[in-house]
Amino acid sequence: MRAEVKDWPGPVSTCWNHWIAVPTGDQVGVMEVLGLSSPTPITFAEAQEVIDADAHGDPDDRHHLSRVFVTPEVDSWTLVIGAWCDPCGSERHEDVLRLCEALSARYGEAQAYYYGEQGDGSAWLVAEHGSVVRRYAATGELDDELLTLGDPLPQEQARRLELGLPADGDLQAASSEQIEEWAWAAFHLAPEIAAAYGVSPFALTRETKVRGTGVLALTPDAASHGI
């Protein structure tokens, strides 16, 4: 008889990373709030391959918006990983805001992140008790500023102070050099904020406490994309 293979947790990442983080082990409940369906068990290693393939696939086939990896409980959190969780893209940012509000109303908190590992920027959204307390995008797009909601998080404030900037985010009196330094710092801030607020998908290791089984699930967009 074939021995059971241990599913060791490990980092799940690609060039362009999008994820939602919820402080609960209620995988079924998180999927219910998000409207996810047809869960299929999948290991962390298999999920890494799927997420990477989706990120590098043809964006016109829409497949990358049709499925996500829902982790088992990892250090008391559940992560939902895939482009469908994008908090800053024009197609998904409003839906992701609404979903994080709903998740935070049920579980107290919910966050959504984007991080481009090739210097393509960061974005973060933090919701608590049904309301978004912060959303910020640093991706180099012209409409980044339009996404800003709430006051800077402690990690943002600390980095601004290091650069000699006001912690409240007011850059009116800043020099062009300071503004450029902040933009570069913000481009790489999402993983730091994610780790400070909960669990980052980049920081999963064999020492991560795991309960349950990860699944690949279909998003509500799957039917419209012919899947």
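Right above here is the structure, for reference.
The present account deals with the structure reproduced in this document. (Residues numbered from 1 in each chain as written. Predicted model: local features only at pLDDT ≥ 70, side-chain atom pairs only at ≥ 80, totals over all residues. Heavy atoms only, no water.)

## Details of helix H6 (residues 190-197)
This is how the line gets drawn: Residue burial is assigned from relative accessible area. The probe radius is 1.4 Å, only protein chains are included, and a residue is buried under 20% of its type maximum, exposed over 50%, and partly exposed in between. Segments assigned H or I by DSSP are reported as helices when at least four residues long, segments assigned E as strands when at least two residues long, and all are numbered from the N terminus. Here the arc refers to the set of directions running from the helix axis out to each C-beta atom. Between two residues, a contact is recorded if the distance between any of their heavy atoms is within 4.5 Å.
Along H6, the residues classified as buried are Ala190, Ile193 and Ala194. Axial view of H6: buried residues confined to an arc of 100 degrees, hence all on one face. Buried residues belonging to H6 abut strand E1 (16-22), strand E6 (109-116), strand E7 (121-128) and helix H4 (154-162).

## Focus: unusual backbone geometry
Here the phi dihedral of serine 38 falls at roughly 50 degrees; this positive angle occurs in a residue that is not glycine. Position of serine 38 among the secondary structure elements: in strand E2 (residues 37-41). Classification of serine 38 as partly exposed rests on a relative accessible area of 46%. Even without being a glycine, serine 76 presents a positive backbone phi close to 75 degrees. Note on placement: serine 76 falls in the loop between strand E4 (73-74) and strand E5 (78-81). When its relative accessible area of 45% is taken as the criterion, serine 76 is described as partly exposed.

## Brief notes about the side chain of threonine 14
Tracing the backbone shows threonine 14 in the segment before E1. Not counting residues up to four positions away in its chain, the partners in contact with threonine 14 are Ile51, Asp52, Ala55, His56 and Glu117.

The analysis is restricted to geometry; functional conclusions fall outside its scope.
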